[in-house]
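# Examination of the molecular architecture
The primary structure of each chain is shown beneath.
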Amino acid sequence: MTDGMTEMTSLERTALYKSLGNPLRRRILEYLGRHGEANSTVLARELGESSGTTSYHLRKLAEQRLIEEIPEKSGGRERWWRVLPFSHTTPDPAAMSPEEYAAAARLAHLKIEVDTALFRRAHEEYRGPEGWAQVQRHGTWMTREELLAFLRDYHALLDRYGHLREEAPEGARPVSLRFYAVAEPESQPEPASGSGPGRDHEPGSTREPGPGRDPGLGRLPEPSPRPAPRRTGER
């Protein structure tokens, strides 16, 4: 399921969020994403499940077009699978049905847990501004139109520098990237020069490329009771 295809119904989105929120199905998708292909027997061995269980979940993922069978490798009862390109933008939570919202909220909480672990890893594995692990924190002033334009440029950069697994050049590695932006409430008074979000040391935007520069490390915020589901380009 990708952006630009026929708009999904609420029921279809609910089924998608439930699938992506299923721990075993996420592990299957992650394995296929890293290794390219697998069958139910391989997945059962690697994930510690029965082949009947992995076969069932593979079929469900295929029904939602998250994976597809590899016809040239499949034969008889042995079916091999690979992931399909995936991108989905979650609609405004206020427009969701209660069941859809509940499924999306559960998925959002799971993503928060995954993203928190990645955030900690980025700090722990940081080896300087030329290393594989990078940490950036910025604060600035934008209009909503500028923020949306920034997001479009971000997506364009992903398309420019990212590769499909089978097309990746030599030396490429899987890289997890996350983007979030949060605006301060309009009712807040304008902060004094040199203070406020992202302005820890001087006016303007700041960059903090290492764990030693972030005094808040280890005091991560707890997930919101009603988190807004976010755009996903990862599983």
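Our structure is the block above this text.
Residues numbered from 1 in each chain as written. Predicted model: local features only at pLDDT ≥ 70, side-chain atom pairs only at ≥ 80, totals over all residues. Heavy atoms only, no water.

This next bit is on the overall build of the protein. Secondary structure summary: the protein contains six helices and three strands in total. Reading the protein from its N terminus to its C terminus gives the helix and strand order α-α-β-α-α-β-β-α-α. Looking at the protein as a whole, 29% of its 235 residues are labelled buried. Sequence-distant contacts, at least 24 apart, represent 67% of the contacts inside the protein between residues at least 6 apart. (Helix = DSSP H or I, 4+ residues; strand = E, 2+ residues; numbered from the N terminus. Buried < 20%, exposed > 50% of the residue type's maximum accessible area, 1.4 Å probe, protein only. Contact = heavy atoms within 4.5 Å.)

Glancing now at the sheet that holds strand 3 (residues 80-83). Across a sheet, paired strands are connected by hydrogen bonds in the backbone, their directions being either parallel or antiparallel. The strand order across the open sheet built from three strands is 1-3-2, with neighbouring strands paired in antiparallel fashion. Here the strands that pair on one side only, and so sit at the sheet edges, are strand 1 (38-39) and strand 2 (67-69). For strand 2 and strand 3, the ladder comprises three bridges, and the chain directions are antiparallel. Among the inter-strand pairings, isoleucine 67 is bridged to a residue of strand 3, identified as valine 83. The sheet strands contacting helix 2 (residues 23-35) are strand 1, strand 2 and strand 3, and the helix crosses strand 3 at an angle near 85 degrees. (Pairing = 2+ DSSP bridges. Axes fitted to C-alpha atoms, helices over the stretch in contact; angles between N-to-C directions.)

Right, let's talk about the side chain of arginine 25 for a bit. Looking at where arginine 25 falls in the secondary structure, it is placed in helix 2. Despite its burial, arginine 25 remains without a salt bridge, the nearest opposite charge being carried by glutamate 63 at 7.5 Å. A polar contact of 2.8 Å, which involves the side chain of arginine 25, links it to the side chain of histidine 57. Those residues in contact with arginine 25, other than ones at most four positions away along the chain, are Ser19, Tyr56, His57, Lys60 and Leu61. (Lys, Arg positive; Asp, Glu negative; His and termini not counted. Salt bridge = Lys/Arg side-chain N within 4 Å of Asp/Glu carboxyl O. Polar contact = N/O pair within 3.5 Å; in protein donor to acceptor, adjacent residues only side chain to side chain.)

Another point: the nonpolar core. Formed by 27 residues in total, the largest nonpolar core has its most connected members in Leu16, Leu20, Ile28, Leu43, Leu58, Leu66 and Ile67. Contributions of two or more residues to this core are made by helix 1 (10-20), helix 2, helix 3 (40-47), helix 4 (51-63), strand 3 and helix 5 (98-124). Ignoring sequence-local partners within four residues, the contact set of isoleucine 67 consists of Leu29, Leu32, Leu58, Leu61, Ala62, Trp81, Arg82, Val83 and Leu84. (Core = buried A, V, L, I, M, F, W, Y, C linked by side-chain atoms within 4.5 Å.)

To continue, consider the pairing of strand 3. Judged from the two bridges that link them, strand 1 and strand 3 form a sheet pairing that is antiparallel. In the sheet register, alanine 38 faces strand 3, and the bridge partner there is tryptophan 81.

A word on a nonpolar patch on the surface. On the surface, Trp132, Leu158, Val175 and Leu177 cluster together into a nonpolar patch covering about 410 Å² of accessible area. Its location among the elements puts leucine 158 in helix 6 (residues 144-161). Taking the relative accessible area as the measure of exposure, leucine 158 reaches 37% and is therefore partly exposed. (Patch = residues over 30% accessible without salt bridge, like charges linked within 9 Å, V, L, I, M, F, W, Y side chains within 5 Å. Areas by Shrake-Rupley, 256 points an atom, 1.4 Å probe, with all protein chains shown as cover.)

Below, the discussion takes up the pattern of salt bridges. Here the structure, examined in full by the defined rule, presents 11 salt bridges. Between arginine 82 and glutamate 68 there is a salt bridge, and its shortest N-O distance comes to 2.9 Å. A residue pair is termed long-range when its members are at least 10 positions apart, and arginine 82 in strand 3 and glutamate 68 in strand 2 qualify at 14 residues. Of the residues examined, arginine 82 reaches a relative accessible area of 28% and is grouped as partly exposed. The closest approach of N and O atoms between arginine 79 and glutamate 69, which form a salt bridge, is 3.0 Å. Of this pair, arginine 79 sits in the loop between strand 2 and strand 3 while glutamate 69 sits in strand 2, and the two are 10 residues apart along the sequence. We classify arginine 79 as partly exposed; its relative accessible area is 34%. Judged by relative accessible area, glutamate 69 falls into the partly exposed class, the value being 29%. Put simply, Glu68, Glu72 and Arg82 are held in one network by salt bridges that share partners.

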